[in-house]
Amino acid sequence: MTMEWGRIEIGSMLHWETEFPAPVWSWPEPAAFFSLCRHALEALCGARRTRATLWLPSFFCFEVARHCQAVADIREYHDDCRWSEPDWSTLRPRPEDLVLAVNYFGVRSPEPWNRWRQNNSCILVEDHTQDPFSEWARNSTSNYAVCSIRKTVPVPDGAILWSPTGNALPEAPQAMDWNGSSLKAGAMLYKRSYLSETSDPDLKARYRDLQLRGEEMLSRSACSAISPVAEAIVSFGVPKFWRERRAANTRLLITLLNDFSDAQPAFRTWPERHAPFVLPLVFPSTAARDHYQDAMRKENIYCPVEWVCDTTDPGAKDLSSRILSISTDHRYSETDMRRIAEVMQRVGCESHVEIN
Ligand SMILES: Cc1ncc(COP(=O)(O)O)c(C=O)c1O
């Protein structure tokens, strides 16, 4: 079935790519480049004269929150990717506190945050990881902005920190803890061979092993500058076509899943000149979500959970237990979206009794 379809697998880590077709988006300047986005946040917090307080949304990647605990007191405010803005009653920063605002899946509009800022002082740090070239990111007026480049660009590590308002950037870190990045680079190269040549299971085992060990090493790495390999790739810029493809794929998949009743897209629209990161689907229960994730995996469609949250906010915890991301990025075509929709409909028909 896989060969008929012409694609070995969908989803998971980006593989190594050498084509960066023009025209491209260039990264903001001036900027500081780090190995990971959490390193950029660490450096920003560490640059404060006294221990920083960092406000993070309750719906967010728990590993980043855990990492930042070493350098800042973490406070949580309630947010949800299905809302147009956070629950402001839970966000009460002091003027010297850092507040991370996340453009969830690249589909949020900046107006609510911009309005809130008119009456609230803080050091605002926007997280544009999921669409670094959205209209919001390109016209940002926040004190700082960050982006984990490796989520949308095929680099083994890499994050950028810039200041739309021209604030001083922290010094680039001296550490060169690139062991995890080097394992990831190997994984990306093996994945490329696996996908393009043979679908040899040994290659798959190799890339998965390097990927998992690389990710684990990265998560324990010291605050480092971006690796030279990633820096060289980042210097190519990001093909505009990649974001256009992502937006077109997401739009198509939403349409194809119009009559699919086992899960609902977390959003159906987005602001002009934004490109969604993935299509997140929200299921009625964890059991239903896990069932679909397993069934899709059996069809070689790998769907991550964004994010596993460690939070006291029951709403974010509940969402995290029922959400699943479908990859719609530049690697994939209209045919792939049709294939995903077809598999989802089939899983739905086959398992109706089981998960209801
Ligand atoms: C929106 C967002 N911001 C930041 C991060 C952290 O990025 P890094 O793994 O480069 O520290 C992630 C990682 O999942 C993310 O999804």
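Residues numbered from 1 in each chain as written. Predicted model: local features only at pLDDT ≥ 70, side-chain atom pairs only at ≥ 80, totals over all residues. Heavy atoms only, no water.

Chemist: Teacher, can you tell me more about the overall build of the protein chain here?
Modeler: The helix and strand inventory of the protein chain stands at twelve helices and 14 strands. Relative to the globule expectation of 21 Å for 356 residues, the C-alpha radius of gyration of the protein chain, 20 Å, shows essentially globular dimensions. The buried share of the protein chain, taken over its 356 residues, is 56%. Considering only residue pairs separated by 6 or more positions, the protein chain has 72% of its internal contacts joining residues 24 or more positions apart. Of the roughly 15,800 Å² that the protein chain leaves accessible, carbon and sulfur atoms contribute 50%. (Helix = DSSP H or I, 4+ residues; strand = E, 2+ residues; numbered from the N terminus. Rg over C-alpha atoms; globule rule 2.2 N^0.38 Å. Buried < 20%, exposed > 50% of the residue type's maximum accessible area, 1.4 Å probe, protein only. Contact = heavy atoms within 4.5 Å. Areas by Shrake-Rupley, 256 points an atom, 1.4 Å probe, with all protein chains shown as cover.)

Chemist: Help me understand the environment of R49, please; the structure alone is not making it clear to me.
Modeler: For R49, the position within the fold is in the loop between α2 (37–46) and β4 (52–57). Residue class for R49 comes out exposed when judged on its relative accessible area of 87%.

Chemist: What's the story with the sheet that holds strand β11 (residues 264–265) in this structure? I'm lost.
Modeler: Strand pairing in a sheet takes place through backbone hydrogen bonds and is either antiparallel or parallel in direction. The sheet built from three strands is open, its strands ordered β11-β12-β14 with antiparallel pairing. One side of each edge strand has no neighbouring strand; the edge strands of this open sheet are β11 and β14 (323–327). Bridge count between β11 and strand β12 (residues 278–282): two bridges; the pairing is antiparallel. If you follow Q264 over to β12, its bridge partner there is V282. (Pairing = 2+ DSSP bridges.)

Chemist: I'm lost on the site of the ligand in this one. Help?
Modeler: Taken together, L36, C37, R38, F60, V64, D127, T129, S148, R150, K151 and W307 form the complete shell of residues around the ligand. One of the side-chain nitrogen or oxygen atoms of R38 is found 2.7 Å away from an oxygen atom of the ligand. Within the side chain of K151, an N or O atom sits 3.4 Å from an oxygen atom of the ligand. Taken together, the residues of the shell around the ligand break down into five nonpolar, two polar and four charged. (Near = heavy atom within 4 Å. Polar contact = N/O pair within 3.5 Å; in protein donor to acceptor, adjacent residues only side chain to side chain. Nonpolar A, V, L, I, M, F, W, Y, C, P; charged D, E, K, R; others polar.)

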